[in-house]
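Structure at a glance
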Amino acid sequence: MPDDTFVTRLNEQIGNEFAAHQQYVAIAVHYDAETLPQLARFFYRQALEERDHAMMMVQYLIDADADVVIPGVSAPQTAFGDIVEPVALALAQEKRVTEQINGLAAAARDAGDYTSEQFMQWFIKEQVEEVATMSDLLRVVERSKDDPMEIENFMAREHPGDEGEDPTAPHPAGSSA
Ligand SMILES: [Fe+2]
Ligand SMILES: [Fe+2]
């Protein structure tokens, strides 16, 4: 059985991941309404990744025979002042999640729950990538904020679609893959 404190905190993290999903949907819808389809597509896809993160944590708890409590989430920010603000918000969110993920790994280790600590390793690696991606994107949108088509071209060129399956990723509950 995983450590009780870790289980409580992982259930909270499921809420954080679903909140990240909702926030990215809100950002995607904002860009879609502004007719910035490449930015919209990127954030719709990021939203799905966050949902998968939540469902990977659900699957871990089910496999470990621990309680899963699917939480509600508070409403995301839906209004933005300019093209930069959603990306700045996304980067802040990813940095916050990185701290949460590191905290979960530390809690598992402190409890001597090395199975749970190992489960968190994939998320630690994932957060390095997500923070790097959002940092790059923030630099691009800040530089080209007066030329949205330049940003759209960048997204089409650098983030054309699915990055492909990660065979090391944990299994999300309910997914057929
Ligand atoms: Fe996530
Ligand atoms: Fe993320």
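That block above? That's the structure.
Figured I'd write up the structure that's included with this text. (Residues numbered from 1 in each chain as written. Chains lettered and ligands numbered in written order. Predicted model: local features only at pLDDT ≥ 70, side-chain atom pairs only at ≥ 80, totals over all residues. Heavy atoms only, no water.)

1. Focus on the coordination of the iron ion (ligand 2)
- The coordination sphere of the iron ion (ligand 2) contains the protein donors E50 (OE), E94 (OE), E94 (OE) and E130 (OE), at a distance range of 1.7 to 2.5 Å.
- Relative to the metal, the 4 donor atoms surrounding the iron ion (ligand 2) lie at angles of 54 to 144°, and the coordination shape comes out irregular.
- Positions of the donor residues of the iron ion (ligand 2) along the chain correspond to the pattern E-x43-E-x35-E.
- Residue classification places E50 among the buried residues on the basis of a relative accessible area of 1%.
- Residue classification places E130 among the buried residues on the basis of a relative accessible area of 5%. (Donors = N, O, S within 2.8 Å, 3.2 Å for Na, K, Ca; no water. Tetrahedral: all angles 85-135°; square planar, octahedral: opposite > 155°, others 65-115°. Buried < 20%, exposed > 50% of the residue type's maximum accessible area, 1.4 Å probe, protein only.)

2. Details of the coordination of the iron ion (ligand 1)
- Listed as protein donors to the iron ion (ligand 1) are E17 (OE), E50 (OE) and H53 (ND1); their distances from the metal cover 2.1 Å.
- Donor residues for the iron ion (ligand 1) sit on one chain with the sequence pattern E-x32-E-x2-H.

3. Considering the pattern of salt bridges
- Evaluation of the coordinates by the stated rule reveals 4 salt bridges.
- With a shortest N-O distance of 3.3 Å, K125 and D166 are connected by a salt bridge. Here D166 lies in the segment after helix 5 (148-158) and K125 lies in helix 4 (residues 114-143), a separation of 41 residues in the sequence.
- Using a relative accessible area of 36% as the deciding quantity, one classes K125 as partly exposed.
- Measuring nitrogen to oxygen at the nearest pair gives 3.5 Å for the salt bridge that ties D136 to R139. Here the residue D136 and the residue R139 both occupy positions in helix 4, the gap between them amounting to 3 residues, near one helical turn.
- Residue classification places R139 among the partly exposed residues on the basis of a relative accessible area of 49%. (Salt bridge = Lys/Arg side-chain N within 4 Å of Asp/Glu carboxyl O. Helix = DSSP H or I, 4+ residues; strand = E, 2+ residues; numbered from the N terminus.)

4. A word on the packing of aromatic side chains
- By the definition in use, this model includes 7 aromatic pairs.
- With a centroid separation of 5.9 Å and an interplanar angle of 35°, the aromatic rings of Y31 and F43 are classed as tilted. Of the two residues, Y31 sits in helix 1 (residues 4-33) while F43 sits in helix 2 (residues 37-63), which places them 12 residues apart along the sequence. Residues Y31 and F43 agree in their burial class; the two are buried.
- Between Y60 and F119 the ring centres are 4.2 Å apart and the planes differ by 15°, which places this aromatic pair in the stacked class. Here the residue Y60 occupies a position in helix 2, and F119 occupies one in helix 4, the gap between them amounting to 59 residues.
- In this structure Y60 comes out as buried when scored by relative accessible area, which is 13%.
- Ring-pair connections join several aromatic residues into one group, and the members of that group are F6, Y60, F119, W122 and F123. (Phe/Tyr/Trp six-rings, centres within 6.5 Å; stacked < 30°, edge-to-face > 60°.)

5. Remarks on the nonpolar core
- Counting residues in hydrophobic clusters, the biggest one holds 25 residues, and the most contacted among them are Y31, L39, F43, M134 and L137.
- Put simply, the parts of the chain that give this core at least two residues each are helix 1, helix 2, helix 3 (85-110), helix 4 and helix 5.
- Discounting residues that sit within four places of it in the chain, Y31 has contacts with L36, L39, A40, F43, I83, P86 and V87.
- Residues L10, A105, F119 and F123 belong to the second largest nonpolar core, which totals 23 residues. (Core = buried A, V, L, I, M, F, W, Y, C linked by side-chain atoms within 4.5 Å. Contact = heavy atoms within 4.5 Å.)

6. Digging into the packing of helix 3 against helix 4
- The contact between helix 3 and helix 4 brings their axes to 8 Å, and the two run at 165°. Overall, the two elements helix 3 and helix 4 adopt an arrangement that is roughly antiparallel. The chirality of how helix 3 crosses helix 4 is left-handed.
- By residue class, the composition of the contact of helix 3 with helix 4 is 18 nonpolar, 5 polar and 5 charged. (Axes fitted to C-alpha atoms, helices over the stretch in contact; angles between N-to-C directions. Parallel < 35°, antiparallel > 145°, perpendicular 65-115°, else oblique. Left-handed = near helix turned anticlockwise from the far one by under 90°. Nonpolar A, V, L, I, M, F, W, Y, C, P; charged D, E, K, R; others polar.)

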